[in-house]
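# Examining the three-dimensional arrangement
What follows is the residue order along each chain.
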Amino acid sequence: AGRSIRGCKCGAVPYGALEGGLSAGRIAPTADNAQDMAYTGLGSQQEAIEREGVGIFRRAQKLASPVSDAVSKMEITDNFFFKGAPLVIVVSSRSEVDASLASSYMELMAESLGLGVLYSGFFIVCTKLSAKLRGMLRLPDGHKAITCLVVGHPDVEYQRTVPRKPLRKTVL
């Protein structure tokens, strides 16, 4: 657990797993019990949305390359954001904290069902740069895209999690 996926085996995510993941997000705690998250599955629009996002990111890369070596060296393929995964869910809300908690619950549920999850943070950056991309997502009024969960059957099975830094704690 705790490894993001960069590639997926072919095959759809079972409907029960999708429903389980969405239910896990729905029951996540929210500030003031707001329960103000929305979940957008990209479905038949996934390819068009990724194509639009990749175009935006390629243009942004050209602007950022003179000041960032890491960005200039990125290879931005046509499936840069979604890695060919069968399921992509954008979690939106007025609250970054609430949507992030819901996404975490969804990730844990997906992993418990043998699925892998990648948070596509660069895609979220593109939603902030493009009104057209935000429009393609049809988010509820006042919502911002907070996380993008790329879900599929991982093509690699890890034997352990990534090394973690030591726990930093203070007891007062």
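Now for a description of the structure that goes with this document.

Rules used in this analysis
Residues numbered from 1 in each chain as written. Predicted model: local features only at pLDDT ≥ 70, side-chain atom pairs only at ≥ 80, totals over all residues. Heavy atoms only, no water. Core = buried A, V, L, I, M, F, W, Y, C linked by side-chain atoms within 4.5 Å. Buried < 20%, exposed > 50% of the residue type's maximum accessible area, 1.4 Å probe, protein only. Helix = DSSP H or I, 4+ residues; strand = E, 2+ residues; numbered from the N terminus. Contact = heavy atoms within 4.5 Å. Axes fitted to C-alpha atoms, helices over the stretch in contact; angles between N-to-C directions. Parallel < 35°, antiparallel > 145°, perpendicular 65-115°, else oblique. Nonpolar A, V, L, I, M, F, W, Y, C, P; charged D, E, K, R; others polar.

The next subject is the nonpolar core. Formed by 22 residues in total, the largest nonpolar core has its most connected members in Phe81, Phe82, Phe123 and Cys148. Broken down by secondary-structure element, the contributors of at least two residues to this core are helix H2 (46–64), strand S2 (87–93), helix H5 (121–129), helix H6 (131–137) and strand S4 (144–152). With four residues, H2 is the single largest residue contributor to this core. The residues contacting Phe81, other than those within four sequence positions of it, are Glu50, Gly53, Val54, Phe57, Leu118, Ser120, Phe122, Phe123, Cys126 and Val150. Ranked by size, the runner-up nonpolar core spans 16 residues in total, among them Met37, Ile89, Met106 and Val151.

Next up on the list: the packing of H2 against H5. Two elements in contact, H2 and H5, have axes whose closest approach is 9 Å; the angle formed by their N-to-C orientations is 80°. Classified by the angle between their axes, H2 and H5 sit roughly perpendicular to one another. Note on element contacts: H5 touches H2 through Phe122, Phe123, Cys126 and Leu129, opposite Ile49, Gly53, Ile56, Phe57 and Ala60. Of the residues in the contact of H2 with H5, the class split is eight nonpolar, one polar and no charged.

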